[in-house]
Amino acid sequence: MPTTSPQEGRTALVEDLMERFPHIPREAVIKEDLLRGGMAFDDSALSDTADEASGDVKPKSYFIFSFDHRTLPELGEAALRRPPEEIVLTGGAYDLRRTVVSVRVNPDSPYRVRAGEDGSLGLYLDGQRIADVGLPPMPDYYRHTLANGKSVMEVAPTIQWGYLIYLTVFRVCQYFGAKEECQYCDINHNWRQHKAAGRPYTGVKPVEEVLEGLQIIADHDTLGASRAYTLTGGSITSQVQGKDEADFYGMYAKAIEERFPGRWTGKVVAQALPKADVQRFHDYGIKIYHPNFEVWDKRLFELHCPGKERYVGREEWHRRILDSRDVFGARNVIPNFVAGIEMAEPFGFKTVDEAIASTTEGLDFFMGNGITPRFTTWCPEPTTPLGRTNPAGAPLEYHIRLLEAYRDAMERHGLSSPPGYGPPGAGNAVFSVSSFMDTLPADATIEANAETAESAKGVQGAQSVRA
Ligand code: SF4
């Protein structure tokens, strides 16, 4: 354990938690802190160009939400000179194993990415270098455009170090306004700010464009790093292009599976729909269903997800999640929750103990029914109601104890890491928006080990381009 003497600021908090929770990987402590509070970039660590297709580094694609701590106009140069999609941390003061972290930009963060005296990039905390930083290389497929000139990054961006193709095919949500939008979500604002900045940001992606983008990936992802695609976007409470939610998102899956049968594992993030609609997702070729439950506590669900409460209701939402096991199998129903909003002012739990107890109750509910939830780490985006009142997010201790509670619950219920997330274990994981996969045992399942071997091929190839 390195010491900074005298210990101060965030370093002291981080090292205190590493000492108190030695069974949680150090990598996860740093990663959670970066995800909840963001990171700053020196000019030396940013791309020299605003052109998203040139340069050596894969730029941040803004694949669904902004996941930033400032708006684009506030970020200015830091947004124009595209920050990377992700960074990978290794070595340094905490001897970190390879750790992939999604980039959430915060110019005021005590974490800063910059070049050291020898020119190599490092992550600095409170001014001390704590890890080496690798940047994702620009994938070949990002250098190609569709026939209409759109970039692959706009139509079919990849995240998780190239593992997952993220297809936000509907860039806005029909839960609209203060009485319906989830209080932590900036999907509608993110769409507006990209339009205002003159960036290409297609509201509804035509199926043909998605297929064309995927064809470019299929042709140029020669290492086979991409393993899955996610179809998602805003909730559809009425119709889009004359289709309800199941048929709208399902039509993309059908087209993808007809053109590229079995090439990627198809996933959909959608509302908890009635079983007949869920069946249609499955019939269209989707393999994994994410009907996100967002937050477990009844009162907080009603307050933080007013649209979902009004249109469906929490109990019905949960019943539909359980029902969808009959269609996909329990293993392939993976509802997400937004880790941290349990503690958001003014309505959230006041203590970490209460928040962990509540979320553990939810984990036991789902895991006791064979379903393995997963979570993303809350980014308090500034244009959301909860982001405005909680700019620092949830306490780091909450996030560390959640990792502990999650792993314990998995053991209690005899479950292993969910499918479709790449390999588990510190040093192996590629899932970038939470460290739950970094915290799970490395040898959780044979299936995951097979994924590790495949994924490693792509990652090693990628690293050699720019370490
Ligand atoms: S349902 Fe809620 S979280 Fe999902 S896109 Fe709409 S507002 Fe955002």
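Every value quoted in this text rests on a predicted model; they were computed, and no experiment measured them.

## Points about the pairing of strand S4 (residues 111–115)
Then, number 1: Pairing geometry for strand S1 (residues 40–41) and S4, over two bridges, is parallel. Across the sheet, residue Ala-40 finds its bridge partner in S4, namely Arg-112.
Then, number 2: The pairing of S4 with strand S5 (residues 121–125) spans five bridges and is classified as antiparallel. Looking at the pairing, Arg-112 lines up with Tyr-124 of S5.
Then, number 3: Following S4, the chain reverses through five residues before pairing antiparallel with S5; Gly-119 in that reversal takes a positive phi of roughly 90°.

## Let's talk about the domain arrangement of the protein
Then, number 1: For the protein, the domain assignment lists domain 1 (9–138) and domain 2 (145–463).
Then, number 2: Of all the secondary-structure elements, those providing two or more residues to the side of domain 1 that touches domain 2 are helix H1 (9–20), helix H2 (26–37) and strand S3 (96–102).
Then, number 3: For the side of domain 1 that touches domain 2, the element with the most residues is H2, which contributes nine residues.
Then, number 4: In terms of residue class, the side of domain 1 that touches domain 2 is built from 19 nonpolar, eight polar and 13 charged.

## Details of the confidence of the model for the protein
Then, number 1: Scored by pLDDT, the protein comes out at a mean of 90, with 91% of its residues at no less than 70.
Then, number 2: Note on residues 2–7: pLDDT is under 50 here. Beyond four places in sequence and across chains, it has seven contacts.
Then, number 3: Every residue in residues 444–467 scores below 50 in pLDDT, and together they form 43 contacts with partners more than four places removed in sequence or on other chains.

## Details of the packing of helix H7 (residues 207–220) against helix H8 (residues 245–259)
For any two helices packed against each other, the geometry is given by the interaxial angle and the distance between the axes.
Then, number 1: The interhelical angle for the contact between H7 and H8, taken along N-to-C directions, is 40°, at an axis separation of 10 Å. With respect to H8, the axis of H7 lies oblique. Of the two elements, H7 crosses H8, and the hand of that crossing is right-handed. Between H7 and H8, the contacting residues are Val-207, Val-210, Leu-211 and Leu-214 on the first element and Met-251, Tyr-252, Ala-255, Ile-256 and Arg-259 on the second.
Then, number 2: Residue composition of the contact of H7 with H8, by class: eight nonpolar, no polar and one charged.

## Thoughts on the sheet that holds S1
Sheet strands pair by backbone hydrogen bonding; their relative direction is either parallel or antiparallel.
Then, number 1: Taken together, six strands build an open sheet; the order of strands is S1-S4-S5-S6-S2-S3 and the sheet is mixed. With one partner strand each, in any of the chains shown, S1 and S3 form the two edges of the open sheet.
Then, number 2: Direction of pairing for strand S2 (residues 86–91) relative to strand S6 (residues 128–134): antiparallel, over a ladder of three bridges. Opposite Thr-90, over in S6, you have Asp-132 as the bridge partner.
Then, number 3: Packed on one face of the sheet, H2 meets S2, S3 and S4 and runs near 20° to S3.

## Details of the nonpolar core
Then, number 1: Counting residues in each nonpolar core, the largest one holds 132 residues, and the members touching the most others are Leu-89, Leu-123 and Val-268.
Then, number 2: For this core, the leading source of residues is helix H16 (residues 396–412), giving eight residues.
Then, number 3: When residues of this core are sorted by domain, at least three fall in each of domain 1 (9–138) and domain 2 (145–463).
Then, number 4: Discounting chain neighbours no more than four positions away, the residues touching Leu-123 are Leu-89, Tyr-111, Val-113, Ile-130, Ala-131 and Val-133.

## Quick look at the pairing of strand S8 (residues 164–170)
As a general feature of sheets, a regular strand has side chains that alternate between the two faces.
Then, number 1: Burial runs high along S8: six of the seven residues are buried.
Then, number 2: One ladder, built from two bridges, connects strand S7 (residues 158–159) with S8; its direction is antiparallel. Among the inter-strand pairings, Thr-158 is bridged to a residue of S8, identified as Ile-165.
Then, number 3: Where S7 folds back on S8, the antiparallel hairpin that results is connected by four residues, among which Gln-160 adopts a positive phi of roughly 55°.
Then, number 4: Judged from the six bridges that link them, S8 and strand S9 (residues 228–233) form a sheet pairing that is parallel. Within S9, the residue paired with Thr-168 across the bridge is Thr-232.

Parameters at a glance
Residues numbered from 1 in each chain as written. Predicted model: local features only at pLDDT ≥ 70, side-chain atom pairs only at ≥ 80, totals over all residues. Pairing = 2+ DSSP bridges. Helix = DSSP H or I, 4+ residues; strand = E, 2+ residues; numbered from the N terminus. Domains from an automatic or database assignment. Nonpolar A, V, L, I, M, F, W, Y, C, P; charged D, E, K, R; others polar. pLDDT = per-residue confidence, 0-100. Contact = placed C-beta atoms within 7 Å. Axes fitted to C-alpha atoms, helices over the stretch in contact; angles between N-to-C directions. Parallel < 35°, antiparallel > 145°, perpendicular 65-115°, else oblique. Left-handed = near helix turned anticlockwise from the far one by under 90°. Core = buried A, V, L, I, M, F, W, Y, C linked by C-beta atoms within 7 Å. Buried ≥ 20, exposed ≤ 12 C-beta atoms within 10 Å, placed from the backbone.

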